[in-house]
Every structure is written in C-alpha cells, then in structure tokens.
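Analysis of the macromolecular model
Next come the chains, spelled out residue by residue.
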Amino acid sequence: MDKYMQAALDEARQGLAEGGIPIGSVLVYRGRILGRGHNRRVQSGSTVLHGEMDALENAGRQPSSVYRDCVLYTTLSPCPMCSGAILLYGIPRVVVGENLTFMGEEALLRSRGVDVEVLQTPACIEMMTDFIEASPELWNEDVGK
Ligand SMILES: [Zn+2]
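Residues numbered from 1 in each chain as written. Predicted model: local features only at pLDDT ≥ 70, side-chain atom pairs only at ≥ 80, totals over all residues. Heavy atoms only, no water.

A look at the layout of surface pockets
Convention followed: Think of a 1 Å grid over just the protein atoms. A cavity is a set of points where a 1.4 Å probe fits yet cannot get out, a pocket is an open set with protein on both sides within 12 Å along at least five of seven lines, and lining residues have an atom within 4 Å of a point. Grid points are joined across faces, edges and corners, and a volume is the space filled by probe spheres set on the points. In this text, helices come from DSSP runs of H or I with a minimum length of four residues, and strands from runs of E with a minimum of two, each type numbered from the N-terminal end. Gly is put with the polar residues, along with every residue not named as nonpolar or charged; the nonpolar set is Ala, Val, Leu, Ile, Met, Phe, Trp, Tyr, Cys and Pro, and the charged set is Asp, Glu, Lys and Arg.
Reported here for the largest pocket is a volume of approximately 180 Å³. The wall of the largest pocket is formed by Val 48, Leu 49, Met 53, Leu 56, Glu 57, Gly 60, Arg 61, Gln 62, Tyr 67, Ala 85 and Tyr 89. Elements with a contribution of two residues or more to the lining of the largest pocket: helix 3 (51–59) and helix 5 (80–89). Residue composition of the lining of the largest pocket, by class: 7 nonpolar, 2 polar and 2 charged.

Below you can see the structure in the form of structure tokens.
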C-alpha cells in the first residue's frame, strides 16, 4: 500500500481503538508528513475535528506556499467541511482511500481544479463498512444525518 495511505489508515485505526470514528488523514509536504490526525469528535467532544481537520491542525499554521505544495491523504472521501478547508488553503491534490461507503464533495473539489485520486483501498472500505454496521447512530451524526 502507498505509505502515506498506510499512515492515514494507522491513524484511523488508532481512532477506532480510542472508541472514535475510524477516519484518518495525513498532510504531506514534499514527501514529508507535516501533520497527521484522526477523527476526534467522540474523544474530544469536538464538532470540527474530522480526520482531515485534525491533520491540518496538527500540521500547525503554515504559509500558503506550503499548502500549495501539499498532498492530503484521507481514508474516506472528504465531507463538505473538510473539502472547504482544502479549497481555502489551496491544497492542490487529495488522495482518497475510498468513496464507496461515503461520497464526499469530490465533484466540487475537481470543479475547483483539485486533483482527486481515489484508491478504493480494500482495508479502508472494510474498516468503514464494519464501523457503520456496528455504530450506525454515531456514523449518521458524523455526516450530519
Ligand atoms: Zn470532514
């Protein structure tokens, strides 16, 4: 597996082990992981810490020149909030673990010039399928249903 997607998947599994929602993400700048994170809505009682937002937060404040040379990896197709952050900071490329269990705002991202690649990684699909089956209420809450 792609080593950055593996890192995002490791984050997602850590989130699951903490009793949270298993979505992980890493922000990569010129081949180096600047920030990594996972969904912390349950663990921190947070309204905004999706995996992608947590990775961005943990990468710290960066100049726009850095974001414009970053790739964001996420185990699941990015929701409207995270897609908004990707557009806000001008991150040009997003690599998505899977979009079968949830289709985020990929069309919006592409319409704004973001290069979105979807890997359909079996380990990501299996992890989310198992989670949604086990905790449907928690999952629906996470995607605003
Ligand atoms: Zn999100």
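Further notes follow.
Quick notes on the sheet that holds strand 4 (residues 93–96)
What counts, and what does not: Paired strands, as defined in this entry, are two strands with at least two bridges between them according to DSSP. Lines fitted to C-alpha atoms define the axes, with helix axes restricted to the stretch in contact, and inter-axis angles between N-to-C directions lie between 0 and 180 degrees. The contact rule is simple, with two residues in contact once any of their heavy atoms fall within 4.5 Å.
Ordered in space as 2-1-3-4-5, the 5 strands form an open sheet in which the pairing is mixed. For this open sheet the edge positions go to strand 2 (32–38) and strand 5 (115–118), each flanked by a neighbour on one side alone. If you compare each strand with its neighbour and ignore which way they point, the axes differ by 15° on average. Note that strand 1 (residues 24–29) and strand 3 (residues 70–74) share 5 bridges and pair antiparallel. Note on strand 3: the bridge partner recorded for Tyr 29 is Cys 70. Here helix 1 (residues 3–17) sits on the sheet and contacts strand 1, strand 2, strand 3 and strand 4; the angle it forms with strand 2, its principal contact strand, is near 25°.

A look at the environment of Leu 49
Counting through the fold element by element, Leu 49 comes out in the loop between helix 2 (41–44) and helix 3. Through-space distance from the C-alpha of Leu 49 to that of Pro 136 is 19 Å; in sequence the pair is 87 residues apart. Once you skip the residues sitting within four places of it in the chain, Leu 49 turns out to touch His 38, Asn 39, Arg 40, Arg 41 and Asp 54.

Looking at the nonpolar core
This is how the line gets drawn: Take the buried residues of types Ala, Val, Leu, Ile, Met, Phe, Trp, Tyr and Cys, join any two whose side-chain atoms come within 4.5 Å, and each joined set is a nonpolar core. Exposure is judged per residue with a 1.4 Å probe applied to protein chains only, and the accessible area is read against the type maximum: over 50% gives exposed, under 20% gives buried, and values in between give partly exposed.
Residues Leu 27, Leu 34, Ile 86, Ile 91 and Val 114 are the most contacted members of the largest nonpolar core, which totals 18 residues. Only strand 1, helix 3, helix 4 (64–67), strand 3, helix 5 and strand 4 provide two or more residues apiece to this core. Here the element with the most residues in this core is helix 5; it accounts for 3 residues. Setting aside residues no more than four positions away along its own chain, Leu 27 makes contact with Arg 32, Ile 33, Leu 34, Gly 35, Ala 55, Leu 56, Ala 59, Tyr 67, Cys 70, Val 71, Leu 72 and Ile 91. Counting residues in each nonpolar core, the second largest holds 13 residues, with Tyr 4, Leu 9, Val 28 and Tyr 73 among its members.

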